[in-house]
Amino acid sequence: MDAPVYYSKTEFIETDTGNKVSRRATIAGPQNIILGGKTIISSGAIIRGDLRRTGPGHAVVISLGRYCLVGDGCIMRPPYKTYRGNFNYYPMKIGDHVHIGAGTVVEAATIGNHVVVGKNCIIGKFTIIKDCAQVADNTVIPPNTVIPALALFAGSPGRFVEDLPESTQEMVEAQTKQYYTRFQPLDR
Amino acid sequence: MWPSIQYYCPCMSATNGQTPSPPPPTLASSSASFHPLHNLYFCEECDIVRCNRCVSVEVSGYYCPNCLFEVPSASVRAEKNRCARNCFSCPICRSTLSVVASDPPDDGDGRPSVSLSNVGEAPYFLYCNHCRWDSAGVDITFEKPTGLAAQLQKFEDSAPESLEFERLKEHFEPFLRTSSLSSSSHLPAVSSHHLHTSSATAAASAALAREIPGVGKHNPLGRSRAGRDRTANKDEMPEYKSRVEAGVFSQLGGGGDDVDVELLKHMETVEEVAKLDQRWGNSWAASLRSSDLRPHRIPLHSKVSKRCPACRHILIKPEQKAQSVRYKIKLVAANYLPAITVGFPQTQATRRVTSKAPSSGADGKNGVMQSGTSNPFQLALTNPLYDPIQVRLSPQRVADARSYQVSLPTTPFSIAAFAEAWEYDDDEDMFGVEDDELGIGDVGRGTRDKEARGRLKNVGVLERRANVTTVGGEVNIKPGFRGNVKFNMLVTYTYRSDDPLPSEDGAGTPSRSTKPPEVKTFSFYTVIDLGPSVVPKDDKLDAES
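Residues numbered from 1 in each chain as written. Chains lettered and ligands numbered in written order. Predicted model: local features only at pLDDT ≥ 70, side-chain atom pairs only at ≥ 80, totals over all residues.

**Q** Tell me about the overall build of chain B, residues and numbers included.
**A** When you go through chain B residue by residue, the secondary structure sums to 13 helices and 23 strands. Per-residue burial for chain B yields a buried fraction of 28% across its 545 residues. Contacts in chain B between residues at least 24 apart in sequence constitute 66% of all its contacts with a sequence separation of at least 6. (Helix = DSSP H or I, 4+ residues; strand = E, 2+ residues; numbered from the N terminus. Buried ≥ 20, exposed ≤ 12 C-beta atoms within 10 Å, placed from the backbone. Contact = placed C-beta atoms within 7 Å.)

See below:
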């Protein structure tokens, strides 16, 4: 029923697993980034896979699950801190069915499944967002915050507003799947 | 925002056996009766929709929203409903505080020079990552970085206010116990509440009369009989002696008239005075200065199970684990009622009209309709049941005949069953596969009906795909109407019942003889808001000329 969201076919690269990545997005250190499949990276997004943990070997910096959306102009940057005198970056893990609104800066440590983050938010370092939580538009989540499951956070600093309905999981799942279906190429 | 649809929960209306009809949609107060489908529950026993307003709620577990520790309910009361571990909220901005070692974080470049919550130098203190408040400023430091809540709770418990409150509770407890015992033994349950309140009120007023001269002693039976009642009232309390005089509290907190005036005189910024919401959890006598605010232990959250208010059956029962989003029992309306989405015909329609002058319905895509036009809209109904259903839509007549008229297909139409397989079908293929189904059944009949009557061509079944049927409707807005186009719609659907019990009647009315007997109907109300209608500028001129 909802109108398709058209994108220019030349702008996006579609992978075998159905990920759609804009050529206008800045993907730094792609070898350290995992996309689960059917995930959309919109134009202008910046994903900093290059900010990896120091030390030898392969390191996953940012992993996104299935049916995720990284909105226009989002910045995804792994969190960092100095622990016992050593400065280091820490991996960022994002679950399935996670939508991140346009213009949001994410430095979270973990984002669960079925999470919706609004537009123009700032998700502070080492934030943990549990399953089915939501963050309203223009929210500033301070570093080290924990957002419990099925909670809506809003404001600056982001605070608990209300409990979300029990059917949030199904709603978000349907919504993210539908968005992927609606996201269609247009030759022009 | 628009267009939107909400479902009606009948709990706010007086029921007299009939299906209660919803309030007029244009009233602002009606919004309380309508809810998004996903916020509603469904009681199978009562065969009725329930909402958050009418379900009865019971706590099934407590947890701290910050450390996610599941607090056993036995210790919740002792810990005063707050986290007893290391979770504190900032008194200024209420965000979570971190425990930091003595070397304060160097925020010049946003990088803490000493690791947060790492082994460092004692003393430790609390630091707000959002507003940079720190507890060292209010002389709260800790020797160890663990068990901070216990250390803080010691302060809380030794505060004169909470000591006084504890003493008050102790004082009233034997009285409450005897009064509840006596009332349960020889009085009906209804009056026990009354007795309880009235004697408690009497005791409170006695205390008030003693503290504040000139306040009369409260007596529910009237002043003139006060003397006689005093002897007659066997529930009379022993007098409570406050440990501290009432006036002293304000001095304890460092507040009070003169101090406050002095503070306001020298105030430079508004932030120096604590806001009401920052002081909300404190006693009334605390100081006004925001620099005197203390960190709060974080209040616990709870997981709740929900029951039907009528039959007490459980509608929602969460899993024990605090952060699990699964439920042992989850009877939500979305699994029973067809989900309806409202939209305006877009894309092809709008693309087609772009060449022409934007007429009538073309403006619908912005959610703004013009008066004096007819605007098509679409309803997509999704069947959540594993059996096909027959749906009939009946919009309620709009009270004001000068406003707008709604046309919807009046004949019942079918929606195919929900099948798990469709979910996993890869999405795009879905469109083509179901097309051959389009020709059969009601579609043809429905459209023929419409054509025969020579009515609006937008009205009727438009599309059938998987378990979704899209029907078209049209709203005819009378010239000069301004306001939101909003109407109630009764949705009636028949479905095959799973349990063939003939004893269970209620909504079980076999609607058609051709169908098997276990066919039930269920109906519910919705409100559809198609958004505002505006009077076009040129129309206004026309009307005037």
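**Q** Residues and numbers for the overall build of chain A, please.
**A** For chain A, the count of helices and strands is one helix and 25 strands. A compact globule built from 188 residues would reach a C-alpha radius of gyration of about 16 Å, and chain A, at 16 Å, matches this within 12%. Counted over contacts in chain A with a minimum sequence separation of 6, partners at least 24 positions apart contribute 39%. (Rg over C-alpha atoms; globule rule 2.2 N^0.38 Å.)

**Q** How would you summarise the interface of chain A and chain B if you had to cite specific residues and measurements?
**A** Between chain A and chain B, the contact holds 30 residues from the first and 34 residues from the second. Among the elements that take part in the side of chain A that touches chain B, helix H1 (residues 168-182) of chain A stands out by supplying four residues, more than any other. A breakdown of the residues in the side of chain A that touches chain B according to their chemical character gives 15 nonpolar, seven polar and eight charged. (Nonpolar A, V, L, I, M, F, W, Y, C, P; charged D, E, K, R; others polar.)

**Q** Explain H1 of chain A to me, and be specific about the residues and the numbers.
**A** All names here are of chain A. Compared with an ideal rise of 1.5 Å per residue, which puts 15 residues at 21 Å, H1 spans 21 Å between its outermost C-alpha atoms and is within 8% of the ideal. Every buried residue of H1 is accounted for by Thr168, Gln169, Val172, Thr176 and Tyr180. Viewed along the axis of H1, the buried residues span an arc of 100°, placing them on a single side of the element. Against the buried residues of H1 lie strand E6 (40-41), strand E14 (99-100), strand E17 (116-117) and strand E25 (183-186). (Expected span 1.5 Å × (residues − 1). Arc of directions from axis to C-beta.)

**Q** Tell me about the confidence of the model for chain B, and please be specific about residues and values.
**A** It should be kept in mind that the predicted coordinates are not to be read in detail where pLDDT is low. Residue and element names in this part refer to chain B. Chain-level pLDDT for chain B is 73 on average; 66% of the residues reach the 70-or-more range. Throughout residues 106-118 the model reports pLDDT below 50, and contacts reaching past four residues in sequence, or to other chains, amount to 28 contacts. This stretch, residues 216-232, has a pLDDT under 50; its non-local contacts, to residues over four places away or in other chains, come to 12 contacts. (pLDDT = per-residue confidence, 0-100.)

**Q** Any details on the sheet that holds strand E5 (residues 56-63) of chain B? Residues and values, ideally.
**A** Pairing is antiparallel across the open sheet formed by five strands, whose spatial order is E6-E5-E11-E12-E13 (chain B). In the strand order of this sheet, the two ends are held by strand E6 (70-71) and strand E13 (327-330) of chain B, each with one partner. (Pairing = 2+ DSSP bridges.)

**Q** For the pairing of E5 of chain B, give the residues involved together with the corresponding values.
**A** Looking along a regular strand, one sees side chains alternate from face to face of the sheet. All names here are of chain B. By the bridge criterion, seven bridges tie E5 to strand E11 (residues 301-307) in an arrangement that is antiparallel. When the bridges of E11 are listed, Glu58 appears paired with Ser305. Linking E5 to E6, which pair antiparallel, is a turn of six residues; within it Leu68 sits at a positive phi near 60°.

**Q** Hey, could you go over the environment of Ala466 of chain B for me, with residue numbers and the actual values?
**A** Mapped onto the secondary structure, Ala466 of chain B falls in the loop between strand E20 (460-465) and strand E21 (468-477). Residue classification places Ala466 of chain B among the buried positions, given that 21 C-beta atoms sit within 10 Å.

**Q** I'd like a description of the sheet that holds strand E10 (residues 75-76) of chain A, backed by residues and values.
**A** Residue and element names in this part refer to chain A. Taking strand neighbours across the sheet as the criterion, the six strands line up as E4-E7-E10-E15-E18-E21 in an open arrangement whose pairing is parallel. With one partner strand each, in any of the chains shown, strand E4 (26-28) and strand E21 (140-141) form the two edges of the open sheet. Strand direction decides the pairing type here: strand E7 (residues 46-48) and E10, joined by two bridges, are parallel. By the bridge assignment, Ile46 is partnered in E10 with Ile75.

**Q** Requested: an account of the environment of Ala149 of chain A, with residues and values cited.
**A** Counting through the fold element by element, Ala149 of chain A comes out in the loop between strand E22 (146-147) and strand E23 (151-154). For Ala149 of chain A, a count of 27 C-beta atoms within 10 Å corresponds to the buried category.

**Q** Which residues make up the pairing of E21 of chain B, and what values go with them?
**A** All names here are of chain B. The element E21 is extensively covered by neighbouring structure, given that seven of its 10 residues are classed as buried. Pairing between strand E16 (residues 374-382) and E21: nine bridges, direction antiparallel. Along E21, the bridge assignment pairs Leu381 with Thr469. For strand E18 (residues 404-407) and E21, the ladder comprises four bridges, and the chain directions are antiparallel. Residue pairing for E21: Ser407 is matched across the bridge by Glu474. Bridging between E20 and E21 involves five bridges; their strand directions are antiparallel. Its bridge partner being in E21, Val461 is matched across the sheet by Val471.

**Q** Can you lay out the nonpolar core for me, pointing to particular residues and giving the numbers?
**A** Counting 58 residues, the largest nonpolar core has Tyr7, Leu40, Tyr41 and Ala333 of chain B as the members making the most contacts within it. Apart from the residues within four sequence positions on either side, Tyr41 of chain B is in contact with Arg50, Val55, Lys306, Leu315, Ile316, Leu331, Val332 and Ala333 of chain B. Among the nonpolar cores identified, the runner-up in size contains 47 residues, and Val21, Leu69, Ala149 and Ala151 of chain A belong to it. (Core = buried A, V, L, I, M, F, W, Y, C linked by C-beta atoms within 7 Å.)

**Q** Quick rundown of the environment of Val519 of chain B? Include the residues and the values.
**A** Residues and elements named next belong to chain B. Mapped onto the elements of the fold, Val519 is located in strand E23 (residues 519-534). Owing to 19 C-beta atoms within 10 Å, Val519 belongs among the partly exposed residues under this scheme. It is 24 Å that separates the C-alpha atoms of Val519 and Pro395, two residues lying 124 residues apart in sequence.

**Q** Mind laying out the confidence of the model for chain A, listing which residues take part and the relevant values?
**A** Confidence in the prediction for chain A averages 93 pLDDT; 98% of positions are at 70 or higher. For chain A, the element scoring lowest by mean pLDDT is strand E11 (residues 80-83) of chain A, at 87; E17 of chain A scores highest, at 97.

**Q** Lay out unusual backbone geometry with the relevant residues and their values.
**A** Of the consecutive residues Ser156 of chain A and Pro157 of chain A, the connecting peptide bond is found in the cis state with omega at 0°. In this fold, Pro157 of chain A is placed in the loop between E23 and strand E24 (159-163). Unlike most non-glycine residues, Asp47 of chain B shows phi in positive territory, near 55°. Its identity is not glycine, yet Lys80 of chain B carries a phi of approximately 55°, on the positive side. Residue placement: Lys80 of chain B occurs in the loop between helix H1 (73-76) and strand E7 (88-89). Judged by the 14 C-beta atoms lying within 10 Å of it, Lys80 of chain B falls in the partly exposed class.

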